Amino acid sequence: MNGKTDNMPRGMHVLHCIYSMEVGGAETMLVDIINGQVARGLRVTLLVVNSGINEDLMAKLDSRVHVERMNRRQGDKPLLMMARLNVFIARLWPDIIHVHHHKFCRLIQVRRGRVLLTVHDVNTPMVYCAGSRMVAITAAVEEDIRRRIADARVETIYNGIRTADIPARRSAEAPSPLRLVQVARLNSDKKGQDVLVRALGELRRRGITDVEASFIGTGPDLEMLRGLAEEEGVAGQVHFEGLRDRDYIYAHLCDYDAMCHPSRWEGFGLTIAEAMAAGLPLVVTEGDGPWEVADRGRLCLSFAMGDHAACANAIAALRADWQGAEARAAEAREHVRRFDIANTVDNYIDYYRRLSH
């Protein structure tokens with residue numbers, strides 16, 4: 001393992017364990033959480049198991065964070081990795097072991113009473129998690145866990161974003177075209193981009209052609225979605241913007257008119273909170289994390305999961321009542337402050353203190 005620096009402040013020692021540090025919502029937020037914990041006087045070590053690491057993301061860590069890389073490669077023997085992990089923990093002996101994947105609940109045998117798992121999504125496998133202390137990122141995730149583990153030791157701590165860093169969209173008259181955006185990996189089985197493309201086709205068949213959708217992200221379904229846009233006759237209304245880092249997204253959300261997030265399941269949806277901070281009206285799937293983040297549907301228009309005709313109805317309603325959309329968006333900008341990253345950091349530190357006593 002290769003350490004980054006030994007320059008760590010005194011205080012409670014927290015070890016964060018994660019499999020990889022590629023660019024993603026959970027990984028980017030973890031950097032913010034770790035930096036916030038260091039700023040509040042905690043000693044923090046980050047252990048990354050796999051060799052896939054985005055160095056630009058790692059460079060955003062506070063210099064006082066100690067980084068260990070196991071550099072595990074595909075095909076490495078799991079028992080060897082498990083032994084190395086536990087030897088490292090025994091040597092480090094942290095006050096708290098904060099893990100970000102359910103498999104760590106099986107792998108870690110040392111200091112098990114100090115292990116805390118953050119469950120980042122609904123439908124997360126629970127096979128190794130019975131008896132573990134868990135944090136759910138929304139009430140929807142907590143409910144999902146309790147359905148499968150009746151006596152689960154779980155509570156909710158909401159994810160967080162840097163609300164002050166996101167410029168707000170300027171209010172305007174009803175836009176034409178209406179420019180929708182979705183920020184997500186292009187994985188329709190989960191994120192539902194196909195639902196939005198089909199909704200644009202449904203709107204076109206109704207004579208509504210002044211709606212466009214921009215997808216920010218990459219993933220395995222890019223070509224499928226291009227083909228679907230052609231089939232639906234909306235290729236000119238669908239734009240694939242590719243992968244963008246968070247700084248770009250924060251700076252450019254305000255360039256769009258609204259966000260549509262038609263996910264089939266989602267634990268939280270950081271991009272929903274980011275859109276709220278940018279003042280974008282929302283259209284989201286009913287239920288699960290994004291709907292909860294939008295105050296259980298009060299601050300958005302919503303539709304049944306996977307129903308492209310219902311999604312089209314919601315977009316048409318948004319377009320027809322732009323004044324109402326603006327009013328919800330303005331209220332959402334106030335509501336989203338509860339999801340500021342500072343609150344997330346403080347809530348985790350409070351949990352650590354309770355766990356360590």
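Quick caveat: nothing in here was measured; it's all calculated off a predicted structure.

Basis of the calculations
Residues numbered from 1 in each chain as written. Predicted model: local features only at pLDDT ≥ 70, side-chain atom pairs only at ≥ 80, totals over all residues. Heavy atoms only, no water. Helix = DSSP H or I, 4+ residues; strand = E, 2+ residues; numbered from the N terminus. Buried < 20%, exposed > 50% of the residue type's maximum accessible area, 1.4 Å probe, protein only. Lys, Arg positive; Asp, Glu negative; His and termini not counted. Salt bridge = Lys/Arg side-chain N within 4 Å of Asp/Glu carboxyl O. Polar contact = N/O pair within 3.5 Å; in protein donor to acceptor, adjacent residues only side chain to side chain. Contact = heavy atoms within 4.5 Å. Core = buried A, V, L, I, M, F, W, Y, C linked by side-chain atoms within 4.5 Å. Arc of directions from axis to C-beta.

Caption draft 1: Broad picture of the side chain of aspartate 340. Structurally, aspartate 340 can be placed in the loop between helix H13 (322–335) and helix H14 (341–356). It turns out aspartate 340 is buried and unbridged, and the closest side chain with the opposite charge, arginine 40, is 7.1 Å from it. Within polar-contact distance, the side chain of aspartate 340 engages the side chain of threonine 163 at 2.5 Å. Every residue in contact with aspartate 340, bar those within four places of it in the chain, is listed here: Gly160, Ile161, Arg162, Thr163 and Ala164.

Caption draft 2: Representation of the pattern of salt bridges in the model. Tallied over the entire structure, the rule returns 26 salt bridges. Between aspartate 62 and arginine 64 there is a salt bridge, with the nearest N and O atoms lying 2.9 Å from each other. A residue is classified by how much of its surface remains accessible, and aspartate 62, at 19% relative accessible area, is buried. Overall, arginine 64 belongs to the partly exposed group, its relative accessible area being 30%. Linking aspartate 350 and arginine 354 is a salt bridge whose minimum nitrogen-to-oxygen distance equals 3.2 Å. A residue pair is termed a helical-turn pair when its members lie 3 or 4 positions apart in one helix, as aspartate 350 and arginine 354 do in helix H14 at four residues. Aspartate 350 gets classed as partly exposed once you look at its relative accessible area, which sits at 38%.

Caption draft 3: Representation of the nonpolar core. In this structure, Met21, Leu46, Phe104, Met134, Ile145, Met259 and Leu282 are the most contacted members of the largest nonpolar core, which totals 92 residues. By residue number, the principal contributor to this core is H14, which donates seven residues. Residues within four places of isoleucine 145 in sequence aside, it is in contact with Val119, Met126, Met134, Ala136, Ala152 and Val154. Grouped together as the second largest cluster of nonpolar side chains are 32 residues, Leu186, Val197, Leu200 and Trp322 included.

Caption draft 4: Inspection of the environment of serine 176 at higher detail. Inspection of the secondary structure puts serine 176 in the loop between strand S7 (153–156) and strand S8 (178–183). Counting along the chain gives 35 residues from serine 176 to valine 211, while the straight-line C-alpha distance between them is 7.5 Å. Of the polar contacts made by the side chain of serine 176, one reaches the side chain of aspartate 210; its length is 3.0 Å.

Caption draft 5: A look at helix H8 (residues 222–231). Along H8, the residues classified as buried are Leu225, Leu228 and Ala229. One side of H8 carries all its buried residues, which in axial view fall inside an arc of 100°. Pointing more than 90 degrees away from the buried face of H8 are the exposed residues Glu223, Glu230 and Glu231. In this structure, the buried residues of H8 make contact with helix H6 (188–191), helix H7 (193–205) and strand S10 (238–242). Just beyond H8, the residue with positive phi is glycine 233, at close to 75°.

Keep in mind these numbers describe shape, not what the thing actually does.
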